[in-house]
Amino acid sequence: MILKDEVVIVSGVGAGLGAKLAIRAAKGGAKVVMSARSADVMATTLGEITAAGGDAIAVQCDVRKTDQVEAVAAAAVEKYGKITGLVNSAYGHPGFTDLLDTEDKALRRTMDIILYGSLGMSRAVVPHMTDGGSIVNVGTMSTRVPLRGEGGYAIAKAAMGCATQYMALELGEKGIR
């Protein structure tokens, strides 16, 4: 199994992609630490993982709240002794409106979840990646192929994409990719 002995945190384990990523990581042999605001979806996903023989825990977390983000990292280290991977999949969308018609409050919320949430999760886990690790920031094709109503979401993902490049540059010397 490609992820045997890995401990992977997956944020945004809601009804969409995050749950699928958590299940996939567990099928690959990883011990999975799921985080999301949605306890119900995580409970269902946890049941699927454990029924298939996987090892996972669920920690309720809003990635906009530093104390909750730090609690996810602490739970991973307490349960499994290390963190070797992070998948930033937390999702927020400002609504399917033209960019200039999207309210600033909705844009800020989306940036808080996608960009700042990913940075916060990364800050929390990097100190525990003492033997290196991997951080995966989930992107979107809407940053490359504009779709009407996706502007607010796409700019947040594009900012995260740029942050990903800088983190790769800065963390590579620590064996974190």
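Residues numbered from 1 in each chain as written. Predicted model: local features only at pLDDT ≥ 70, side-chain atom pairs only at ≥ 80, totals over all residues. Heavy atoms only, no water.

A. How the structure looks around the overall build of the chain. Counting its secondary structure elements, the chain contains 5 helices and 5 strands. Going residue by residue from the N terminus, the α and β elements of the chain occur as β-α-β-α-β-α-β-α-β-α. Against the compact-globule benchmark of 16 Å for 177 residues, the chain has a radius of gyration of 16 Å, which places it among compact chains. Relative to its 177 residues, the chain shows a buried fraction of 46%. (Helix = DSSP H or I, 4+ residues; strand = E, 2+ residues; numbered from the N terminus. Rg over C-alpha atoms; globule rule 2.2 N^0.38 Å. Buried < 20%, exposed > 50% of the residue type's maximum accessible area, 1.4 Å probe, protein only.)

B. View of the pairing of strand E5 (residues 134-137). Examined bridge by bridge, strand E4 (residues 85-88) and E5 share 4 bridges and lie parallel to one another. Looking at the pairing, asparagine 88 lines up with asparagine 137 of E5. (Pairing = 2+ DSSP bridges.)

C. Just the environment of glutamate 150, in detail. Within the secondary structure, glutamate 150 is located in the loop between E5 and helix H5 (151-171). Sequence separation of glutamate 150 and aspartate 98 is 52 residues, and the distance between their C-alpha atoms is 7.5 Å. Discounting chain neighbours no more than four positions away, the residues touching glutamate 150 are His93, Phe96 and Ser142. (Contact = heavy atoms within 4.5 Å.)

D. Inspection of the nonpolar core at higher detail. Within the largest apolar cluster, 30 residues are counted, with the highest numbers of intra-cluster contacts made by Ile9 and Val33. Elements with a minimum of two residues in this core: strand E1 (7-11), strand E3 (55-60), helix H3 (66-80), helix H4 (104-125) and H5. Ranked by the residues each element gives to this core, the list is headed by H3, at 6 residues. In this structure, isoleucine 9 is in contact with Val33, Val72, Ala73, Ala76, Ile83, Gly85, Leu86, Val87, Met121 and Val125, ignoring residues within four places of it in sequence. (Core = buried A, V, L, I, M, F, W, Y, C linked by side-chain atoms within 4.5 Å.)

E. Structural detail: the sheet that holds strand E2 (residues 31-36). If you trace the 5 strands from one edge of the open sheet to the other, you get E3-E2-E1-E4-E5, paired in parallel fashion. Of all strands in the sheet, those with a lone pairing partner are E3 and E5, marking the two edges. Strand-to-strand twist in this sheet, taken as the mean axis angle between neighbours without regard to direction, amounts to 15°. (Axes fitted to C-alpha atoms, helices over the stretch in contact; angles between N-to-C directions.)

F. Examining the pairing of E2 more closely. With 5 of 6 residues buried, E2 lies mostly within the body of the structure. The pairing of E1 with E2 spans 5 bridges and is parallel. Residue pairing for E2: valine 7 is matched across the bridge by lysine 31. With helix H1 (residues 17-27) bridging E1 and the parallel E2, this β-α-β connection has right-handed handedness. On the question of chirality, the crossover connecting E2 to the parallel E3 by way of helix H2 (residues 39-51) is right-handed. (Right-handed = clockwise from strand over helix to strand, strands pointing away.)

G. Layout of the pattern of salt bridges. In total, this model carries 3 salt bridges according to the counting rule given. Among the salt bridges present, the one from lysine 4 reaches aspartate 5, with a minimum N-O distance of 3.5 Å. Owing to a relative accessible area of 43%, aspartate 5 belongs among the partly exposed residues under this scheme. A salt bridge links arginine 64 to aspartate 62, with the shortest nitrogen-to-oxygen separation between them at 2.8 Å. Its relative accessible area of 9% is what places aspartate 62 among the buried residues. (Salt bridge = Lys/Arg side-chain N within 4 Å of Asp/Glu carboxyl O.)

So, to be careful, I would describe these as geometric facts and stop short of saying anything about function.
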